[in-house]
Amino acid sequence: MIYNLTLNDRTQKKVLRELEITEKLISKVATKLSSTQKTCDIYAMSDLGMAHNVTRMRGGFFTGAAYVWEQPDTPFIPVDTTINVCGTALYKINSDMNITEFKRRCEKALADTSKYDWNFTNGNHFISLCYSENDENRIGMKKGYYMLVHASACEYKEKLYPVIGNWYYQDICIERLDNYRYMRYIKGDKAKQFYEIAKKLKSFNQERNYDFCKQVLAANIGDEILNVAHYGMPTIHEVLIGVQKTAGLATLLTSLGKNVYIVQKKENAKNNYIPHGFGLELPEESDFTYLKDSIQIGEKKFYSGSIIIGEDAISRHSFSETDESLRNYVRKIAWINELEICAELKQICSFSTKGFQVWR
């Protein structure tokens, strides 16, 4: 079953039709590996949209959705989900922090790659110095400076991705449909081994985020407000892509320089899934189509292994440049997803793929 928690925009309507096929493929494989009929649930969130990773979309998996199937007799994992782990972490800074000092400290920490391969300036990842104007609210976030980071455990990327020559590639099975749609998966002991790695990545990325913030802030690091994954496998029969699963606090990301929101599920909400941002949509003049060996977006063809960045899949911004219009858009997302908006953070400056930028 597909739970439609989207904004029902043009891109999402198209993606939802493809997710109906993904649901059938997952259910078919789960049933094949069981003695009884098995089903799949897909929670399509308000940020459902295109994925940067073409391998993922060719396998039928899009960003902004949770994929959950009834556990079969023989476990399996769809490998085109291109599992790793990614998330955000937020820490209070126990002192005033000026832009120059924050920049200097971050640059020093980024240069130290002795333990981790930092990727805060790759893709849509970032490091931000933020400020909360609230003196104190009911979740205990005080007025002052905060450090927000967004990154993935890139050290494990190739270990779990379905690339030629990795440890499970020869064991990949495939379920096909006639219209160029397919699902590749591993099963049995290989699936169990895969999940054991995926399970450890959550705590690894949390430690990674903390270690970086600790390097930057040193004695000034304060309370951990949140450290939540929005990509990974909470269970052996569940994949989250751009979705947070928590009853606690989570970030609702907007865009570089814009206010970031801290949210949590309302009491008695129907599920614990929280969208992680706004997602990627197609430009107005574009559509996407599955071909035998690729996905076509507009006039361009994209093959497995390639990455979509830029004009072919754009950030979804259904608001003007004012803070109030952004708040209204976030309120709409909160209503659809049964979220409570707990705090609002102003971004002061950021490191990202665009370099270092000062916002306020």
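As shown above, the structure is provided for reference.
Here the structure is a predicted model, which means the values were calculated and not measured.

**Quick notes on the sheet that holds strand β18 (residues 295–297)**
Here we have 3 strands laid out as an open sheet, ordered β17-β18-β19, and antiparallel in their pairing. Of all strands in the sheet, those with a lone pairing partner are β17 (288–290) and β19 (300–302), marking the two edges. Strand-to-strand, the axes of this sheet are offset by a mean angle of 25°, without reference to chain direction. Note: β17 against β18, 3 bridges, orientation antiparallel. In the strand pairing of β18, Tyr-290 is matched with Ile-295.

**Focus on the packing of aromatic side chains**
The final tally for this structure, using the stated rule, is 19 aromatic pairs. Each ring, one from Tyr-168 and one from Phe-194, has its centre 5.7 Å from the other, and the planes form 70°; the classification is edge-to-face. Here Tyr-168 is found in the loop between α4 (157–160) and β8 (173–176), whereas its partner Phe-194 is found in helix α5 (residues 188–217), with 26 residues between them in sequence. We classify Tyr-168 as buried; its relative accessible area is 0%. Overall, the relative accessible area of 0% leaves Phe-194 in the buried class. Here a set of aromatic residues connected by ring pairs shows up, and it is made of Tyr-116, Trp-118, Phe-120, Tyr-156, Phe-204 and Phe-212. Across the ring face of Phe-288, the terminal group of Lys-14 is positioned such that the distance to the ring centre comes to 5.1 Å.

**Remarks on unusual backbone geometry**
Excluding glycine, most residues fall at negative phi; most peptide bonds, likewise, are trans. Positioned with a positive phi, Asn-268 is a non-glycine residue whose angle comes to about 70°. Within the secondary structure, Asn-268 sits in the loop between β14 (260–265) and β15 (273–275). The backbone of Glu-338 shows a phi angle near 55°, a positive value even though the residue is not glycine. On the secondary structure map, Glu-338 appears in the loop between α6 (323–336) and β21 (339–352).

**What to know about the environment of Gly-49**
Summarising the element assignment, Gly-49 is placed in strand β2 (residues 40–49). Residues Gly-49 and Ser-315, spaced 266 residues apart in sequence, show a C-alpha to C-alpha distance of 9.4 Å.

**Overview of the pattern of salt bridges**
Applying the stated criterion to the full structure yields 21 salt bridges. Across the pair Arg-105 and Glu-101 runs a salt bridge whose closest N-O atoms are separated by 2.7 Å. Here Arg-105 pairs with Glu-101, and both are found in helix α3 (residues 99–111), just 4 residues apart, close to one helical turn. Note that Asp-211 and Lys-115 form a salt bridge whose closest N and O atoms lie 3.1 Å from each other. Within this pair, whereas Asp-211 is found in helix α5, its partner Lys-115 is found in the loop between α3 and β6 (126–136), the two being separated by 96 residues in sequence. Of the residues examined, Asp-211 reaches a relative accessible area of 19% and is grouped as buried. It is possible to trace a salt-bridge network through shared partners that takes in Glu-324, Arg-327, Arg-331 and Glu-344.

**Overview of the state of the cysteines**
Per the counting criterion, the structure on display carries 0 disulfides. Between Cys-213, a cysteine without a disulfide, and Cys-106, which holds the nearest cysteine sulfur, the sulfur-to-sulfur distance is 8.4 Å. For Cys-213, a relative accessible area of 0% gives the class buried.

Conventions and cut-offs
Residues numbered from 1 in each chain as written. Predicted model: local features only at pLDDT ≥ 70, side-chain atom pairs only at ≥ 80, totals over all residues. Heavy atoms only, no water. Pairing = 2+ DSSP bridges. Helix = DSSP H or I, 4+ residues; strand = E, 2+ residues; numbered from the N terminus. Axes fitted to C-alpha atoms, helices over the stretch in contact; angles between N-to-C directions. Phe/Tyr/Trp six-rings, centres within 6.5 Å; stacked < 30°, edge-to-face > 60°. Buried < 20%, exposed > 50% of the residue type's maximum accessible area, 1.4 Å probe, protein only. Lys NZ or Arg CZ within 6 Å of the ring centre and 35° of its normal. Salt bridge = Lys/Arg side-chain N within 4 Å of Asp/Glu carboxyl O. Disulfide = S-S within 2.5 Å.

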